[in-house]
Amino acid sequence: MTGSRVVALGHYQPAQVLTNDDLAAMVDTSDEWIRSRVGIKTRHVGGPDEPVDELAAHAAAKALAAAGLQPSDIDLVLVATSTAIDRSPSMSARVAARLGMGSPAVLDINVVCSGFTHALATADHAIRAGAAVRALVIGADKMGDIADWTDRSTCVLLGDGAGAAVVTADPDASGAAGGPGIGPVLWGSVPEMGNAVRIEGTPPRFAQEGQSVYRWATTQLPPIARQVCEKAGVAPEDLAAVVLHQANLRIIEPVARKIGAVNAVIARDVVDSGNTSAASIPMALSKLVERGEVASGAPVLLFGFGGNLSYAGQVIRCP
């Protein structure tokens, strides 16, 4: 049985930047209030002429170019998103059409904030099973479309963007020294608490029970993340980077500390991008790689969590 590996990444954000001062002109808030509570300075927001599949396609095109591949080389497209308004065509089908792909399998995955790590695991499983050779895994969300811009507790969190990874078969199932290219996933959820994060109604709107999510994330998730490292055979102190879902800085920093990744670069893209749901992990990782902050082949923990109070994580080797 072959393994799989992330060989390239790409990310994309709309050009329009919404600052904390901009939000202060819209709702009762301030730059100091937002920074002190969630650590966010800015977020990118797309206009009505920038649909989710366009954001996803831009990120995917960059990842394909970095991998030196053509769209026709891809045989599986997975898009993790929770902001697809239409039932069909799916986001993955629309991305495939935008990029002029041949006849890939197309599949959308909606696990909200942990969607990308679920999708990455699904691509890894498909490749291991021989059902695909090269996959395009995308996290893309346009949270501005579902934000309640009158609710100061939630609208300050949200941003738009997309991140993409090219995943290919790795003939050496053991991967590079120290483990496989994509380690085993650990995933699950807390169904009885699923209402703590919601996207409901017509039109759909984002809402959450912030304190419940904060307590769950900071107390329950660190031991699960350490189990992810254990399944991968990597000690937390040997991680080169930790890329958590970019929910807010007051969650990211204590969770990263409790994992014990004392030598790792901690992704803090939330400061400049806000919470972009399924896009947050691939976008943050793509930026770390673009800036040269993580060496190729180094172990990186990816750990998504949030909507449905679901989680999924794996250790990968940095492309």
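This section reports on the structure supplied with the text. (Residues numbered from 1 in each chain as written. Predicted model: local features only at pLDDT ≥ 70, side-chain atom pairs only at ≥ 80, totals over all residues. Heavy atoms only, no water.)

### Re the sheet that holds strand β4 (residues 76-80)
As summarised here, the arrangement of the 5 strands in space is β1-β7-β6-β4-β5, forming an open sheet in which the pairing is mixed. Because the sheet does not close on itself, it has two edges, and the strands there are β1 (3-12) and β5 (105-109). Within this sheet the neighbouring strands show an average axis-to-axis angle of 20°, counted without direction. As paired strands, β4 and strand β6 (residues 134-142) are joined by 5 bridges and run parallel to one another. Note on β6: the bridge partner recorded for Leu76 is Ala135. The sheet contacts of helix α3 (residues 52-67) involve β1, β6 and β7 (160-170), and relative to β1 the element is tilted by about 125°. Each of β1, β6 and β7 touches helix α10 (residues 280-290); the most contacted strand, β1, lies at about 90° to it. (Pairing = 2+ DSSP bridges. Helix = DSSP H or I, 4+ residues; strand = E, 2+ residues; numbered from the N terminus. Axes fitted to C-alpha atoms, helices over the stretch in contact; angles between N-to-C directions. Contact = heavy atoms within 4.5 Å.)

### Topic: the packing of α3 against helix α4 (residues 91-99)
Between α3 and α4, the least distance of the axes is 9 Å, while the angle of their chain directions is 55°. With respect to their mutual orientation, α3 and α4 come out oblique. Our pair here, α3 against α4, has a crossing hand that is right-handed. Contacts from Val52, Asp53, Glu54, Ala56, Ala57, Ala60, Ala61 and Leu64 in α3 reach Met91, Arg94, Val95, Arg98 and Leu99 in α4. Per-class residue counts for the contact of α3 with α4 are 9 nonpolar, no polar and 4 charged. (Parallel < 35°, antiparallel > 145°, perpendicular 65-115°, else oblique. Left-handed = near helix turned anticlockwise from the far one by under 90°. Nonpolar A, V, L, I, M, F, W, Y, C, P; charged D, E, K, R; others polar.)

### Some details on unusual backbone geometry
Most of the time, phi is negative for any residue but glycine, and the peptide bond is trans. A cis geometry characterises the amide bond from Ser88 onward to Pro89, with omega recorded as 0°. Considering the arrangement of structural elements, one finds Pro89 in the loop between β4 and α4. Going from Thr202 to Pro203, the amide bond is cis rather than trans, its omega being 0°. Among the structural elements, Pro203 can be located in the loop between β9 (197-200) and β10 (205-208). Phi at Val112 takes a positive value of approximately 50°, unusual for a residue other than glycine. Here Val112 lies in the loop between β5 and α5 (115-128). Despite not being glycine, Leu309 has its phi angle at roughly 45°, a positive value. The exposure class of Leu309 is buried, given its relative accessible area of 0%. (Buried < 20%, exposed > 50% of the residue type's maximum accessible area, 1.4 Å probe, protein only.)

All we've got here are geometric facts, nothing functional implied.
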